[in-house]
Amino acid sequence: MRYLAATNGGEIYWSQDPATRSAVDRWMDWSQSQFDASFMALFWGYYRTPEAERNIQMNRLHVKRCRSYLLLLDRCLSEHGYVGGDRLSLADTPIGALMYRYVNLDATDDLPPRVAKWYGALTEREPFTA
């Protein structure tokens, strides 16, 4: 994603400002190393495991971890409309893709309010609906 943004995204997706790009990079890394790791453990432990074999306690722990990460994201979104700042950026892309799976998994909780608003705005964008 970074390569594509750097070669084709222009200033919108690949800022030349190091501080702006650093914020985007941090959220992309957080998405992969924190939220994705917890969510995928839940995804496999719940959705990909036959119901009779599911570890309910472990799945509840994964839901709780995911929720804590979403609360962190919610705090970030209290300062800006998007993950990386005041406009859509590359930082929104991997988290948005994970959110699609998260909201469609019946084991998950409701989204925190600012995350729900942000995700709703993403789902209204033409590339998402196409």
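Note: the structure precedes this text.
As the structure is a computational prediction, the values presented were derived from the model and not from experiment.

Attention now goes to the overall build of the protein. A count of helical and extended segments in the protein gives 7 helices and 0 strands. Scanning the protein from its N terminus toward the C terminus, one meets helices and strands in the order α-α-α-α-α-α-α. Relative to the globule expectation of 14 Å for 130 residues, the C-alpha radius of gyration of the protein, 16 Å, shows essentially globular dimensions. Projected onto its principal axes, the C-alpha positions of the protein cover 50 × 30 × 30 Å.

We now examine helix α4 (residues 56-77). With 22 residues, α4 extends 31 Å between its outermost C-alpha atoms, agreeing within 8% with the 32 Å of an ideal straight helix rising 1.5 Å per residue. Within α4, burial applies to Asn59, His62, Val63, Cys66, Tyr69, Leu70, Leu73, Asp74, Cys76 and Leu77. The buried residues of α4 occupy one face: seen down the axis, they fall within an arc of 155°. Among the exposed residues of α4, those oriented more than 90 degrees off its buried face are Gln57, Arg60 and Lys64. Packed against the buried residues of α4 are α3 (18-47), α5 (92-103) and α6 (113-123).

This brings us to α6. Every α-helical turn comprises 3.6 residues, leaving residues that sit three or four positions apart pointing alike. Buried within α6 are the following residues: Val115, Trp118, Tyr119 and Leu122. With its buried residues spanning 95° around the axis, α6 presents them on a single face. The outward face of α6, more than 90 degrees from its buried face, is lined by the exposed residues Pro113 and Lys117. In this fold, the buried residues of α6 make contact with α4, α5 and α7 (126-129).

The next point concerns the side chain of histidine 62. Inspection of the secondary structure assignment puts histidine 62 in helix α4. With near-sequence residues (within four places) excluded, histidine 62 lies in contact with Ser38, Ala41 and Leu42.

Procedures and definitions
- Residues numbered from 1 in each chain as written.
- Predicted model: local features only at pLDDT ≥ 70, side-chain atom pairs only at ≥ 80, totals over all residues.
- Heavy atoms only, no water.
- Helix = DSSP H or I, 4+ residues; strand = E, 2+ residues; numbered from the N terminus.
- Rg over C-alpha atoms; globule rule 2.2 N^0.38 Å.
- Expected span 1.5 Å × (residues − 1).
- Buried < 20%, exposed > 50% of the residue type's maximum accessible area, 1.4 Å probe, protein only.
- Arc of directions from axis to C-beta.
- Contact = heavy atoms within 4.5 Å.

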